[in-house]
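Structural description and commentary
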Amino acid sequence: MYCASGPVDGAYLDLATELGTAIGTGGHTLVSGGGNISMMGAVAEATRAAGGRTVGIIPRALMEREVADLGADELVVTETMRERKRQMDDRADGFITLPGGIGTLEELFETWTAGYLGMHDKPVVMLDPGGFYAPMLDWLQSLTGQGFVRQAALDRLTVVDSVGMAIEVATAR
Ligand code: AMP
């Protein structure tokens with residue numbers, strides 16, 4: 001799960017909480033960046049509150065800044081950001097991206113492009129009930145007409161507007 005680590009509007013925290021609750025009640029394990037702030041923290045807390053297991057993977061240098069999630073069932077501290085991403089990617093069975101900033105986008109595009117290129121076959125899901133990503137998706141869609149982006153690449157990402165759909169698609173494999 002990838003999402004914002006910054007101070008965001010309460011509606012986004014509610015979405016994060018709703019997702020965490022669904023992960024927990026569904027008996028799934030959350031793999032996250034291991035921070036306990038913002039949406040990241042809300043998903044992790046809600047997952048545990050609903051009886052789910054949480055695995056947090058955080059670079060040592062970010063433990064203070066992103067408030068390491070010491071309540072995680074498993075907290076993995078890495079020496080680098082690359083190692084964090086590698087472990088998150090390896091341990092996840094599917095990827096869900098919520099609204100976020102450049103860190104979230106970086107992770108979304110990495111898992112999305114790797115999926116498109118056939119480097120993994122895990123579901124790549126964008127949970128976006130409010131159209132947060134609509135301008136970006138519209139722009140990417142417009143690039144297909146210019147030959148920069150293939151429709152097949154866009155199709156590798158599943159965009160959903162409900163938590164239930166996000167869980168269903170992300171755990172389908
Ligand atoms: P943001 O969307 O910018 O709030 O960041 C969300 C999460 O992405 C935070 O936990 C950041 O540490 C993480 N992040 C930032 N940059 C990167 C990167 N290059 N690779 C992977 N994760 C990152």
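Notes on the structure in this doc start here. Here the structure is a predicted model, which means the values were calculated and not measured. Each residue is numbered by its place in its chain's sequence as written, counting from 1. Only residues with pLDDT of at least 70 are given local features in this predicted model, and only at 80 or more are side-chain atom pairs given and counted; all residues enter the totals for whole chains, interfaces and linings. Side-chain measures were taken over the full set of non-hydrogen atoms in the model, leaving aside hydrogen atoms and water.

1. Re the nonpolar core
- The set of buried Ala, Val, Leu, Ile, Met, Phe, Trp, Tyr and Cys residues whose side-chain atoms join them within 4.5 Å is what this entry labels a nonpolar core. Classification of residues uses two cut-offs on accessible area relative to the type maximum, computed with a 1.4 Å probe and protein chains only: under 20% is buried, over 50% is exposed, and between them is partly exposed. Ranked by size, the top nonpolar core spans 24 residues in total, and within it Met-1, Leu-19, Ile-96, Leu-98, Val-125, Leu-127 and Val-163 carry the most contacts.
- For this analysis, residues touch if any pair of their heavy atoms sits within 4.5 Å. Residues within four places of Leu-19 in sequence aside, it is in contact with Met-1, Ile-96, Leu-98, Leu-127, Val-163 and Ile-167.
- Val-31, Trp-112, Val-149 and Ala-153 belong to the second-largest nonpolar core, a separate cluster that totals 20 residues.

2. Considerations on the pattern of salt bridges
- A carboxyl oxygen of Asp or Glu within 4 Å of a side-chain nitrogen of Lys or Arg is what we treat as a salt bridge. Summed over all chains, the structure comprises 10 salt bridges.
- Between Glu-45 and Arg-48 there is a salt bridge, with the nearest N and O atoms lying 3.6 Å from each other. You can see Glu-45 and its partner Arg-48 sitting in helix H2 (residues 38–49), 3 residues apart, about one turn around the helix.
- The class of Arg-48 is buried, set by a relative accessible area of 19%.
- Note that Lys-85 is salt-bridged to Glu-110, the shortest N-O span being 2.9 Å. Taken as a pair, Lys-85 in helix H3 (residues 81–91) and Glu-110 in helix H4 (residues 102–116) lie far apart in primary sequence, 25 residues in all.
- Taken together, the salt bridges that share partners define one network made up of Glu-45, Arg-48 and Asp-69. Helix and strand definitions follow DSSP, with helices as H or I runs of at least four residues and strands as E runs of at least two, each counted in order from the N terminus.

3. Focus: a nonpolar patch on the surface
- Exposure above 30% relative accessible area and the absence of a salt bridge qualify a residue for a patch, where like charges join within 9 Å and nonpolar side chains (Val, Leu, Ile, Met, Phe, Trp, Tyr) within 5 Å. Shrake-Rupley sampling with a 1.4 Å probe provides the accessible areas, and residues are treated as covered by the protein chains on show and by no other component. A contiguous nonpolar patch, built from Tyr-116, Leu-117 and Met-119 and spanning about 340 Å² of accessible area, is present on the exposed surface.
- Counting through the fold element by element, Tyr-116 comes out in helix H4.
- Residue class for Tyr-116 comes out partly exposed when judged on its relative accessible area of 31%.

4. Considerations on unusual backbone geometry
- Positive phi outside glycine occurs at Ser-38, with the angle close to 50 degrees.
- Take Ser-38: it is sitting in helix H2.
- Backbone geometry places Val-67, a non-glycine residue, at a positive phi of 50 degrees.
- Checked against the element boundaries, Val-67 lands in the loop between strand S2 (53–59) and strand S3 (74–78).
- Exposure remark for Val-67: the relative accessible area of 39% places this residue in the partly exposed category.

5. Side note on the sheet that holds strand S6 (residues 157–160)
- Think of it this way: DSSP has to see at least two bridges between two strands before they count as a pair. In space, the 3 strands of this open sheet follow the order S4-S5-S6, with parallel pairing throughout. Every interior strand has two partners, whereas the edge strands, strand S4 (95–97) and S6, have only one. When the angles between neighbouring strand axes are averaged without regard to direction, this sheet yields 25 degrees.
- For S4 and strand S5 (residues 124–127), the ladder comprises 3 bridges, and the chain directions are parallel. By the bridge assignment, Thr-97 is partnered in S5 with Met-126. To get an axis, a line is fitted to the C-alpha atoms, and for a helix only the part in contact is used. The angle between two axes follows their N-to-C directions and goes from 0 to 180 degrees.

6. Here's the deal with the site of the ligand
- Each residue is tested against the molecule or strand, and it is near if at least one of its non-hydrogen atoms lies within 4 Å. Residues in close proximity to the ligand total 17 residues, the closest being Ser-5, Glu-66, Gly-101, Thr-104 and Glu-107.
- Distance and chemistry together define a polar contact, namely a pair of N or O atoms within 3.5 Å, with one atom able to donate a hydrogen and the other to accept it when in protein, and with adjacent residues in sequence counting only for side-chain atoms on both sides. Here an oxygen atom of the ligand sits 2.7 Å away from a polar atom, N or O, in the main chain of Gly-101.
- Looking at the shell around the ligand, the elements that each hand over two or more residues are H3 and H4.
- Among the elements that line the shell around the ligand, the one with the most residues is H4, at 5 residues.

7. Thoughts on H4
- One fewer than the residue count of a helix, multiplied by 1.5 Å, yields its expected span. Across its 15 residues, H4 extends 21 Å between first and last C-alpha, which sits within 8% of the 21 Å expected from 1.5 Å per residue.
- Along H4, the residues classified as buried are Thr-104, Glu-107, Leu-108, Thr-111, Trp-112, Ala-114 and Gly-115. For H4, the angular spread of the buried residues around the axis is 165 degrees, confining them to a single face.
- Structurally, H4 contributes buried residues whose contacts are with H3, S4, S5, helix H5 (134–144), helix H6 (151–155) and S6.
- Just beyond H4, the residue with positive phi is Gly-118, at close to 80 degrees. Here the arc refers to the set of directions running from the helix axis out to each C-beta atom.

Honestly, that's just the spatial picture; any functional story needs more than this.
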